Amino acid sequence: MAVRGISTRSALTLTGKVINDVVSFIVFSFLDVFDILLCYVYKLIDFLIEAEWKPCYCSSAKEAITSSGKILVSEQGESKIVRLTSSKLQLEEISDTLYTRPSLVSDISKSTVNELKRLKVESSTTMIQQSCEKIKKGTVRSTYTVNSTIVEMLQGKIGAQRSRPAPRWSDCDCKTCNSWSSSAKETLFVHAEGPKDNVQEDVLFIHGFISSSAFWTETLFPNFSKSTKLAYRLFAFDLLGFGRSPKPIDSLYTIKEHLDMIERSVLEPYKVKSFHIVAHSLGCILALALAVKHPGSVKSLTLLAPPYFPAPKGEHATQYVMRKVAPRRVWPPIAFGASMACWYEHISRTICLLICKNHRVWEFLTKLITRNRMKTYLIDGFCCHTHNAAWHTLHNIICGTAGRIEGYLDTVANRLKCEVNIFHGRDDELIPVECSYNVQNRIPRATVKVFEKKDHITLIVGNQKEFAGKLEEIWRRASD
């Protein structure tokens, strides 16, 4: 009987998987076409309302990026943008998943376009292929080169192109979302608590994707002991593009931009020399990058649900991580939502238009339905961002760092002496528990604590009192 029961469950599991695969293929094939149609719809609406349209990644990555005054250069599958700061040129990495998201429809359309181009410019293509073969064989050394003409072009574009304070028509223009545009100084929104004098320790809290500083200030901050509040300065801030922080429309939200803003908004003005870090989800990647950049300053590192997916040998890391985070499946629902946000530039913009631009309506309905008994800070964090910020942060931070995160982890393991603690919810369907154990494999001294019956959010929400106590223990140990 037991064997029969096991075989029945296996058959049902296999059947469910097949149904999920078939339905997912049909649904996402439709969405592939729908996203292309939305591309033209948005081009038309943008032109009618704003008298211009911003190029998108489904047409040309080079056009989409260089339109904001930046130059795209590529080498052996890696992409970088050129920035001019004062008199210095800088290269910043961007993720190829921004403009390369393979699907049946895109493969067919690209094959058709490539074939037409091949027939039209066959001689030019032959020359390019010969050059590529030379690079592969090592007969030609491949380097990034930027000449004086590009420098002049950058100076001209950057001098004329400034971040427009007014949001785009599809972005929310309420006081909460757009308050930063009236400030003369563009820095992150920072919530700071703790003593002004005789500070013993500083703690940085970094929230996750489409969230805000309220994820910490509404949960953990009220539950810290009085002694902790008297001794520690607690900093929770809204990341660039989220909450009440700046949301520049011409930013690509690279990891360098995020780190620069954290330094400019927290470390420098508050004169933070050494600090503890507590980070959740996407924030864990920024926490690792910040720790690597300031190895002598980190006193403890606490990671909650870190999204680390080691790519198998031979796999392209960024594409592998994109498929793991957004597997193009309709079930479970959280995977479907992640796939919609990650694979479709224009569908995700439509979702932002419906949710973010109308977040005050959703907040009102939530309060009405719950009779004002439910705090809306999670909804606020989920809604207060722009599509440009969410789209680029998702690709450039989660996917784009896939090739570098192992280096970050190895640096933390070998160069940093701080204590590393990792927490995860057993029922987390967005970032599986295996991710935390993957981090532990790279940092052997790290400890992993799994909370039963907790998911990606309830790891903190509803568990704040216990978690606040655990953090206080970690900080005390680091100070001993």
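Everything that follows concerns the structure shown earlier in this document.
Being a predicted model, the structure only gives us computed values, none of them experimental. (Residues numbered from 1 in each chain as written. Predicted model: local features only at pLDDT ≥ 70, side-chain atom pairs only at ≥ 80, totals over all residues. Heavy atoms only, no water.)

A. Main features of the overall build of the protein chain. Check the secondary structure of the protein chain and you find 19 helices and 10 strands. The 480 residues of the protein chain split such that 47% are buried. Of the contacts made within the protein chain by residues no fewer than 6 positions apart, 75% connect residues no fewer than 24 positions apart. Accessible area for the protein chain stands at about 24,500 Å²; split by element, carbon and sulfur atoms hold 57% of it. (Helix = DSSP H or I, 4+ residues; strand = E, 2+ residues; numbered from the N terminus. Buried < 20%, exposed > 50% of the residue type's maximum accessible area, 1.4 Å probe, protein only. Contact = heavy atoms within 4.5 Å. Areas by Shrake-Rupley, 256 points an atom, 1.4 Å probe, with all protein chains shown as cover.)

B. View of the packing of aromatic side chains. Counted by the stated rule, this structure contains 18 aromatic pairs. Ring geometry for Phe-224 against Trp-475: centres 5.4 Å apart, planes inclined by 40 degrees, an arrangement best described as tilted. Of the two residues, Phe-224 sits in the loop between α7 (214-217) and α8 (226-231) while Trp-475 sits in helix α19 (residues 464-479), which places them 251 residues apart along the sequence. A single burial state applies to Phe-224 and to Trp-475, both of which are buried. Taking the centre distance of 4.9 Å and the plane angle of 65 degrees together, the rings of Phe-423 and Phe-467 count as edge-to-face. (Phe/Tyr/Trp six-rings, centres within 6.5 Å; stacked < 30°, edge-to-face > 60°.)

C. Layout of the pairing of strand β9 (residues 419-425). Burial analysis of β9 places six of its seven residues in the buried class, which makes it a mostly covered element. Summarising the sheet, β9 and strand β10 (residues 447-451) pair through five bridges and their orientation is parallel. Opposite Asn-421, over in β10, you have Thr-447 as the bridge partner. In terms of handedness, the path from β9 via helix α18 (residues 434-442) over to β10 forms a crossover that is right-handed. (Pairing = 2+ DSSP bridges. Right-handed = clockwise from strand over helix to strand, strands pointing away.)

D. Local environment of the packing of helix α10 (residues 282-293) against helix α16 (residues 387-399). Packing of α10 against α16 brings their axes to within 10 Å, and their N-to-C directions diverge by 55 degrees. One element, α10, and the other, α16, form an angle in the oblique class. The interaxial crossing formed by α10 with α16 has left-handed handedness. Contacts from Leu-282, Ile-285 and Leu-286 of α10 reach α16 at Thr-393, Ile-397 and Ile-398. For the contact of α10 with α16, the class distribution of residues is five nonpolar, one polar and no charged. (Axes fitted to C-alpha atoms, helices over the stretch in contact; angles between N-to-C directions. Parallel < 35°, antiparallel > 145°, perpendicular 65-115°, else oblique. Left-handed = near helix turned anticlockwise from the far one by under 90°. Nonpolar A, V, L, I, M, F, W, Y, C, P; charged D, E, K, R; others polar.)

E. Summary view of the sheet that holds β9. Taken together, seven strands build an open sheet; the order of strands is β4-β6-β5-β7-β8-β9-β10 and the sheet is mixed. On the outer flanks of this sheet lie β4 (190-193) and β10, each paired with one strand and no other. Averaged over neighbouring strand pairs, the angle between their axes works out to 15 degrees when direction is ignored. Note that strand β7 (residues 275-280) and strand β8 (residues 298-304) share six bridges and pair parallel. Its bridge partner lying in β8, Ala-279 is registered against Leu-303. Against the sheet, α10 engages β5 (201-206), β7 and β8, with an angle of about 155 degrees to β7.

F. Examining unusual backbone geometry more closely. Residue Pro-332 is bonded to the preceding Trp-331 through a cis peptide linkage, with omega at 0 degrees. Locating Pro-332 in the fold gives a position in the loop between α11 (317-325) and α12 (333-343). Not every positive phi belongs to a glycine, and Ile-210 is a case in point at roughly 40 degrees. With respect to the helices, strands and loops of the structure, Ile-210 is situated in the loop between β5 and α7.

G. Here's a closer look at the pattern of salt bridges. The tally for this structure, following the rule as stated, stands at 17 salt bridges. A salt bridge links Lys-293 to Glu-263; the nearest nitrogen and oxygen atoms lie 3.2 Å apart. Of this pair, Lys-293 sits in helix α10 while Glu-263 is found in helix α9 (residues 255-267), placing the two residues 30 residues apart along the sequence. The buried category is assigned to Glu-263, whose relative accessible area is 10%. Its salt-bridge partner being Arg-426, residue Glu-452 comes within 3.0 Å of it at the nearest N-O pair. Of this pair, Glu-452 sits in the loop between β10 and α19 while Arg-426 sits in the loop between β9 and α18, placing them 26 residues apart in sequence. The class of Arg-426 is partly exposed, set by a relative accessible area of 39%. Among the ionic contacts, a cluster of salt bridges with common partners joins Asp-46, Glu-50, Arg-168 and Arg-349. (Salt bridge = Lys/Arg side-chain N within 4 Å of Asp/Glu carboxyl O.)

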